[in-house]
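# Residue-level structure breakdown
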Amino acid sequence: AIGDGGGLPVLIKLLTKDAWCGADYAVQGICLMTLARFAGEAVADGRLILRMRNGEKCLADRNGEEKVRLKIVELGGLRPIVELLKSPDLDVAGKAAFLLACLALDSPVRLAIHILGGVECLLALMKVEDKVVVDNASLCLSQILQHVEAKDELYRLHGVKVLLDQGVGSESVEVQENSARAVAYAIETEGNLKDLRRQMGIDRLIEMLAALPSSTRVKNDRVRQSACFALAVSAFDEECRTEIRMKQGLRALSTCLDTEDSRVQEEALMALANCAYDMPCKQTIGSLGGMRNAIGLLGNPEQPVVANACVFISRLLFDKVSGDDFIEEEGPAQMLEVLQAYTKQYKQYVAQQETIEQEQPLPEGEVLMEMPDLRLGRSILLACKSCAEQGNVREHPLMSAQGGFYDNMMVMFRHTDEIVSGMSCQALCNAAFDDGGRTMLLEKDAIKEFVRCLMYKDVETQLAAARAIGNFAMDSIGRKKVKSDGAMPPLVKQLQAKDENGKDAIEPRRAAIQAIGKCASDRDSAVELCDIGALSQLLMLMDTHWKQLGQAAEDAVERLLAKSQSAKLWLRGELDYEDMTDDGWFDMGLGKPYTSRQVLQQEKVGTDREVLLADANADEKLKELLNVMKEKALELGLNEDVADKRDEQSTQIKRDVVKMMATTISDSMGGAIAFEQYNDFGYGTDIQRCKETRKSNVVWIGDIRKGVCRHRAFTFKYACDKILPYLCRLERSKIDRGLHVGHAWNSIKFYGDNDVEGKQRTYTLDLMHSVGEMYENGTDVNPQDEWVQLYQRKDIYAQMSL
């Protein structure tokens, strides 16, 4: 009523020198306290401020007093209030500090107080003798120092020393509490943290805990709470962690866990958890019974304590020994109980929300539920992630039991909160390392959830999702499921992964590369990956300045090329003897980016693109040609037994079959051509006819009536892989200009056909001129046949018709 009736401007006016009564200290004091009550006096209670920092709303928000605070700021009340911090009357100055503490709940207000010189004034008040004034000044500093610019100003004024000497060293419990909290916010910047260490601040904070046998202090839970908070912040620094350990701070913090005050337990757990970033600290905490204490606090009725206990466990659980300790202290059972309770609450919340969305009435007496505490959920799943990272804990029966860890984590996997869902992803990722875990996750249709997590902003979640998909791809069943669930396109997209700030995310990219490499173990998956752009992106990543990406990309490319012969021919211009082609294999020629067969078939017909396709399943003429060659091969005596033998008789049969196949293919594509007449063969018209027949640039091999070296070599490699596998190599010329661009030929070998030194002999097969002739490529003992250079049109012969 006072605010709406215009009372606030009057009260603010009375704080200035222009007031009708002048600078009356008594009036100013009354106005300050009145404004403090309007702005939410309860907020000035340090415990409520701390509760708000932990995510709970303060009383001022609940009572609508936020509007009053906003109105005071809008009316320009901050300037006269800050000026009153300099008042000769300490009572007025102290009340001004108290009012500023009530107002400084928002970052813009904190910044404004700093700009008006509030930090310097408050530090000056910290040095007076009046304990009430010092208490209010330290309370206000604990609010203002939550703004980064105020922290920098404190460093410039050497304020940490003042807070330690006048605040932490005070005899007043309230001053100690507020000063320790102010120190905690201040040391979030490096300069103030260094000042803390110079002033022996770690020693003073440990002493405030009154937890060591040598301490003469009287224990006070509010002071301990603030000191634990300050130690927790300082423990983010490695040197501070070492100092805390060396000064018996870990023992003092562990002792604080035995108190009955839940807020002290909460902050002590977080301080210990932050100290546990270091291996020596982990070991010391473990020797002090840290794991047992943390597990015991999982049953605490206060959610913040349980949340911090989970975080603490996640830091302590890092190897087999700590895993054994966790199991020995009945940690799995206690953790599962916490996880089950949270999951049950979330499922009830979801069920109620579904009822509301369907516009159905809630059952009589049912209370409208709120979303279960997200911080608690994230902390629980962080601990579950650490459990799943340790093999001995993963093997615990409760992990995979019905209603156990994995079942409950799958519920959390589908949580609407991205962070909770992401933490579940990170936890379940480790389950996919084990055969049993993969099977269980496949049964729960988890791959789709991992695919969804690839799109999350959190880098750790992206990394976990990519690793999990890679783990599924370790066996054929998993690879088929990965393919059928549509995981490969998002996986390829992950090759360009970014973090939440838009910067390149290296580790998720590397995990995606490794997953693609595993998926490429199957031909169908490798072909699809090449078709959707994996090969092109991996080739670019091979040249990146990130060495770890380049090496992984190179390995993935080799895996793709081993299964996708179309891609290998495009990239390398050759297929080796072991590269077995199959139906659907195509050659898209030179000078164009790699493109999928489906896209090539849809391109407009033109003369600048000629794609060869071998697919006997669709191409009836090719199928007929292949059957003819198979029948003739049988007539020549070729069978499985002969194909496997290496004796002279078997080798001669294979030679005869090769010549038969060469002749058959040559006859189907226009027959033999004199070497001198090669350039006048005139095959281009027939190729254009084939394109028009299929309304596509993709030329079906069975349609060709006139074909040259490229068409015949391509067809022979395909047919030979069907009839005489592992005996034929296809190579394409590397020249990029002249009439013989794209010239191709086959090399043939017969196992057991060696020279006098035992080295394998190979031959260039003539499919154009003296069809069926095999020209020896030469070894160290046997010279190369002169027709090899001629037929392959290498060196000077490549340029004869320019």
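Residues numbered from 1 in each chain as written. Predicted model: local features only at pLDDT ≥ 70, side-chain atom pairs only at ≥ 80, totals over all residues. Heavy atoms only, no water.

The next subject is the pairing of strand β6 (residues 744–754). By the criterion of burial, β6 is predominantly enclosed, with eight of the eleven residues buried. Sheet topology places strand β5 (residues 728–732) next to β6; five bridges connect them, and they run antiparallel. Following the sheet pairing, R729 is matched in β6 by S747. Sheet analysis places β6 next to strand β7 (residues 760–765), joined by five bridges and oriented antiparallel. Paired with K749 across the two strands is T762, which belongs to β7. (Buried < 20%, exposed > 50% of the residue type's maximum accessible area, 1.4 Å probe, protein only. Helix = DSSP H or I, 4+ residues; strand = E, 2+ residues; numbered from the N terminus. Pairing = 2+ DSSP bridges.)

Let us now look at unusual backbone geometry. Apart from glycine, the bulk of residues carry a negative phi angle, and the bulk of peptide bonds sit in the trans form. Positioned with a positive phi, H158 is a non-glycine residue whose angle comes to about 55°. With a relative accessible area of 53%, H158 lands in the exposed category. A positive phi angle, close to 65°, is found at Q248, a residue other than glycine. Looking at the secondary structure, you find Q248 in the loop between α17 (238–246) and α18 (249–256).

Together, E418, D458, E460 and E500 give the surface a local cluster of negative charge. Tracing the backbone shows E418 in helix α29 (residues 418–431). (Patch = residues over 30% accessible without salt bridge, like charges linked within 9 Å, V, L, I, M, F, W, Y side chains within 5 Å. Areas by Shrake-Rupley, 256 points an atom, 1.4 Å probe, with all protein chains shown as cover. Salt bridge = Lys/Arg side-chain N within 4 Å of Asp/Glu carboxyl O. Lys, Arg positive; Asp, Glu negative; His and termini not counted. Charge placed at Lys NZ, Arg CZ, Asp CG, Glu CD.)

What follows deals with the nonpolar core. Judged by nonpolar contacts, the single largest core of 195 residues is most densely connected at L441, F450 and L560. Of all the elements, helix α7 (residues 90–103) adds the most residues to this core, at ten residues. If we ignore the near neighbours within four places in the chain, the residues touching L560 are I516, A520, A526, L529, C530, A534, L535 and L538. If you look at the next biggest cluster of nonpolar residues, it comprises 54 residues, including L626, M661, I687 and Y763. (Core = buried A, V, L, I, M, F, W, Y, C linked by side-chain atoms within 4.5 Å. Contact = heavy atoms within 4.5 Å.)

Taking 1.5 Å as the rise per residue, α7 with 14 residues should run 20 Å; its terminal C-alpha atoms sit 20 Å apart, in good agreement. With respect to burial, α7 is a largely interior element, eleven of its 14 residues being buried. If you check which residues of α7 are buried, you get V92, A93, G94, A96, A97, F98, L99, L100, A101, C102 and L103. Backbone nitrogen of D91 and a side-chain oxygen of the N-cap are separated by 2.9 Å at the start of α7; the cap is D89. (Expected span 1.5 Å × (residues − 1). Polar contact = N/O pair within 3.5 Å; in protein donor to acceptor, adjacent residues only side chain to side chain.)

Take the sheet that holds strand β1 (residues 574–575) next. Ordered by their spatial adjacency, five strands build an open sheet running β1-β5-β6-β7-β8, and the pairing between neighbours is antiparallel. Among the strands making up the open sheet, the edge pair consists of β1 and β8 (774–776). As defined by bridge partners, β7 adjoins β8 across three bridges and the pair is classed as antiparallel. Looking at the pairing, T764 lines up with Y775 of β8. Lying on the sheet, helix α43 (residues 648–668) is in contact with β6, β7 and β8; it crosses β6 at an angle near 165°. Strands β1, β5, β6 and β7 of the sheet are contacted by helix α45 (residues 709–723), whose axis makes an angle of about 35° with β6. (Axes fitted to C-alpha atoms, helices over the stretch in contact; angles between N-to-C directions.)

Attention now goes to the pattern of salt bridges. According to the stated counting rule, one finds 56 salt bridges in the structure shown. Note that R181 and E177 form a salt bridge whose closest N and O atoms lie 3.2 Å from each other. In this pair, R181 and E177 both sit in helix α13 (residues 173–186), four residues apart, roughly one turn of the helix. By relative accessible area, R181 is classed as buried at 0%. K717 serves as the salt-bridge partner of D721, at 3.3 Å between the closest nitrogen and oxygen. With D721 and K717 both in helix α45 and four residues apart, this pair spans about one turn of that helix. This pair shows no difference in class: D721 is buried, exactly as K717 is. Among the ionic contacts, a cluster of salt bridges with common partners joins R197, D203, E239, E243 and K247.

Taking strand neighbours across the sheet as the criterion, the three strands line up as β2-β3-β4 in an open arrangement whose pairing is mixed. With one partner strand each, in any of the chains shown, β2 (585–587) and β4 (698–700) form the two edges of the open sheet. Strand after strand, the sheet turns through a mean of 30° between neighbouring axes, direction not considered. Strand direction decides the pairing type here: β2 and strand β3 (residues 611–614), joined by three bridges, are antiparallel. Residue pairing in the sheet places F586 in a bridge with L613 of β3.

Now for the side chain of T544. Residue placement: T544 occurs in the loop between α37 (534–542) and α38 (547–563). Within the structure, the side chain of T544 is placed 3.3 Å from the backbone nitrogen of W546, a separation counted as a polar contact.

On to the packing of aromatic side chains. A complete count under the given rule lists nine aromatic pairs for this structure. Between Y185 and F229 the ring centres are 5.4 Å apart and the planes differ by 75°, which places this aromatic pair in the edge-to-face class. Remark: F229 occurs in helix α16 (residues 221–234) and Y185 occurs in helix α13; sequence separation between them is 44 residues. Looking at Y185, the relative accessible area reads 5%, which means it is buried. When the ring of Y775 is compared with that of W787, the centres are 6.0 Å apart and the planes differ by 25°; the resulting orientation is stacked. In this pair, Y775 is assigned in strand β8 and W787 in helix α46 (residues 786–792), connecting sequence segments twelve residues apart. Judged by its relative accessible area of 28%, W787 is partly exposed. The residue whose ring lies beneath R694 is W700, and the NZ or CZ to ring-centre distance is 3.7 Å. Its guanidinium or amino end placed over the ring of Y577, K749 lies 4.3 Å from that ring's centre, counting from NZ or CZ. (Phe/Tyr/Trp six-rings, centres within 6.5 Å; stacked < 30°, edge-to-face > 60°. Lys NZ or Arg CZ within 6 Å of the ring centre and 35° of its normal.)

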